Amino acid sequence: MTATPTTSTDVATTTARAERLYYRYARAVDEGDLEELRALATPDVKVSRGGGDPAEGIEAFLDVYRAHNALKVPVCKHVITNITARPEAADGTVTTHAYFEAKLLTDAETKVIIGYYDDVHVVDGDEHLLAHKKIVAERVLMLPGSAGSYTYVGSTPEA
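Here the structure is a predicted model, which means the values were calculated and not measured. Numbers given for residues are sequential positions, taken from 1 along each chain in its written order. Local features in this predicted model are restricted to residues whose pLDDT is 70 or higher, and side-chain atom pairs enter the listing and the counts only when it is 80 or higher, whereas totals over whole chains, interfaces and linings include all residues. Hydrogen atoms and water are omitted, and side-chain values are computed over all heavy atoms in the structure.

Draft legend 1. Spatial organisation of the overall build of the protein chain. Each helix and strand counted, the protein chain has three helices and seven strands in total. Written out in order from the N terminus, the α and β elements of the protein chain read α-α-β-β-α-β-β-β-β-β. Its C-alpha atoms give the protein chain principal-axis dimensions of about 60 × 35 × 30 Å. Here's how the labels work: a residue is buried when its accessible area is under 20% of the maximum for its type, exposed when over 50%, partly exposed in between, all with a 1.4 Å probe on protein chains only. Taking all 159 residues of the protein chain together, 35% fall into the buried category. By sequence separation, contacts in the protein chain at least 24 residues apart represent 59% of the contacts at least 6 residues apart. In this description, accessible areas are obtained by the Shrake-Rupley approach with a 1.4 Å probe, and a residue is regarded as covered only by the protein chains that are shown. Split by element, the accessible area of the protein chain, about 9,400 Å² in all, is 54% carbon and sulfur. In this charge count, Lys and Arg are treated as positive and Asp and Glu as negative; neither His nor the chain ends contribute. By convention, charge coordinates are those of NZ in Lys, CZ in Arg, CG in Asp, or CD in Glu. Of the charged side chains in the protein chain, 16 are positive and 24 negative, and the gap between their average positions amounts to 3 Å. Here a strand is any run of E in DSSP of at least two residues, a helix any run of H or I of at least four, and the numbering for each starts at the N terminus. Here, residues are in contact when the closest pair of their heavy atoms is within 4.5 Å.

Structure follows, in structure tokens:
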């Protein structure tokens, strides 16, 4: 592990690395890419949801996303914002916080899940890896189903 950063450049670099990890994570979840999720986490990663006890290990982490994939949601989109990252602690960890909004869209219903992540990352070269994924869903907005097609303005619908 590296020494504790102390400069504003270190904070900016740490935040940029956290943002990159969150981008890759959101895309992997939305695309159901378990191999990318595996690549984003440490072998002994922990995952906590709500106030529950953490599960430990890469397979327990991936089980969360295997269950998500089993739902067969046609369109899932995560938006992650308001990312903060505190530079490395003496043990090499980076604490992060971010808001998320996950939209799960099907013909029958639309779920918008709003919450936050309070994660722990570790530095791996020029990247971060998930050491503890902490997911807190605060609200779920239930809406009607969503259409699977769209006609762009100025276009004619296909027959």
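Still more ground to cover, so stick around.
Draft legend 2. Geometry of the nonpolar core. We call a set of buried Ala, Val, Leu, Ile, Met, Phe, Trp, Tyr and Cys residues a nonpolar core when their side-chain atoms join them within 4.5 Å. By size, the foremost hydrophobic cluster in this structure holds 31 residues, and its most contacted members are Tyr 25, Leu 37, Phe 61, Tyr 65, Ile 80 and Tyr 117. Secondary-structure elements contributing two or more residues to this core are helix 1 (8-31), strand 1 (41-49), helix 3 (58-70), strand 3 (75-86), strand 4 (93-105), strand 5 (109-117) and strand 7 (127-144). Residue contributions to this core peak at seven residues, all from helix 1. Beyond its immediate stretch of four places on either side in the chain, Tyr 25 contacts Leu 37, Leu 40, Tyr 65, Ile 80, Tyr 117, Leu 130, Lys 133 and Ile 135.

Draft legend 3. How the structure looks around a nonpolar patch on the surface. Residues enter patches when their relative accessible area tops 30% and they take part in no salt bridge; the joining distance is 9 Å for like charges and 5 Å for the nonpolar side chains Val, Leu, Ile, Met, Phe, Trp and Tyr. By convention in these notes, a salt bridge is any Lys or Arg side-chain nitrogen within 4 Å of a carboxyl oxygen on Asp or Glu. Taken together, Tyr 150, Tyr 152 and Val 153 make up a surface patch of nonpolar side chains, about 440 Å² in accessible area. Along the polypeptide, Tyr 152 turns up in the segment after strand 7. On the accessibility criterion, Tyr 152 (58% relative accessible area) is exposed.

Draft legend 4. Expanded view of the layout of surface pockets. Approximately 430 Å³ is the volume attributed to the largest pocket. Taken together, 20 residues make up the lining of the largest pocket; nearest its centre are Arg 49, His 68, His 78, Ile 113 and Ile 135. Elements with a minimum of two residues in the lining of the largest pocket: helix 1, helix 3, strand 4, strand 5 and strand 7. Counted by class, the lining of the largest pocket contains 15 nonpolar, three polar and two charged residues. A cavity here means a set of points on a 1 Å grid, drawn over the protein atoms and nothing else, where a 1.4 Å probe fits but cannot get out; a pocket is an open set with protein on both sides within 12 Å along at least five of seven lines, and a residue lines either one if it has an atom within 4 Å of a point. Grid points are joined across faces, edges and corners, and a volume is the space filled by probe spheres set on the points. In this classification, the charged set is Asp, Glu, Lys and Arg, the nonpolar set is Ala, Val, Leu, Ile, Met, Phe, Trp, Tyr, Cys and Pro, and all remaining amino acids, among them Gly, are polar.

Draft legend 5. How the structure looks around the side chain of Asp 119. Here Asp 119 shows up in the loop between strand 5 and strand 6 (120-124). Any pair of N or O atoms that falls within 3.5 Å is considered a polar contact. Within protein, one atom must be able to donate a hydrogen and the other to accept it, and sequence-neighbouring residues count only if both atoms are side-chain atoms. At 3.0 Å, the side chain of Asp 119 and the side chain of Tyr 22 are in polar contact. Once residues within four sequence positions are removed from consideration, Asp 119 is found in contact with Tyr 22, Val 94, Thr 95, Thr 96, Leu 130, His 132, Lys 133 and Lys 134.

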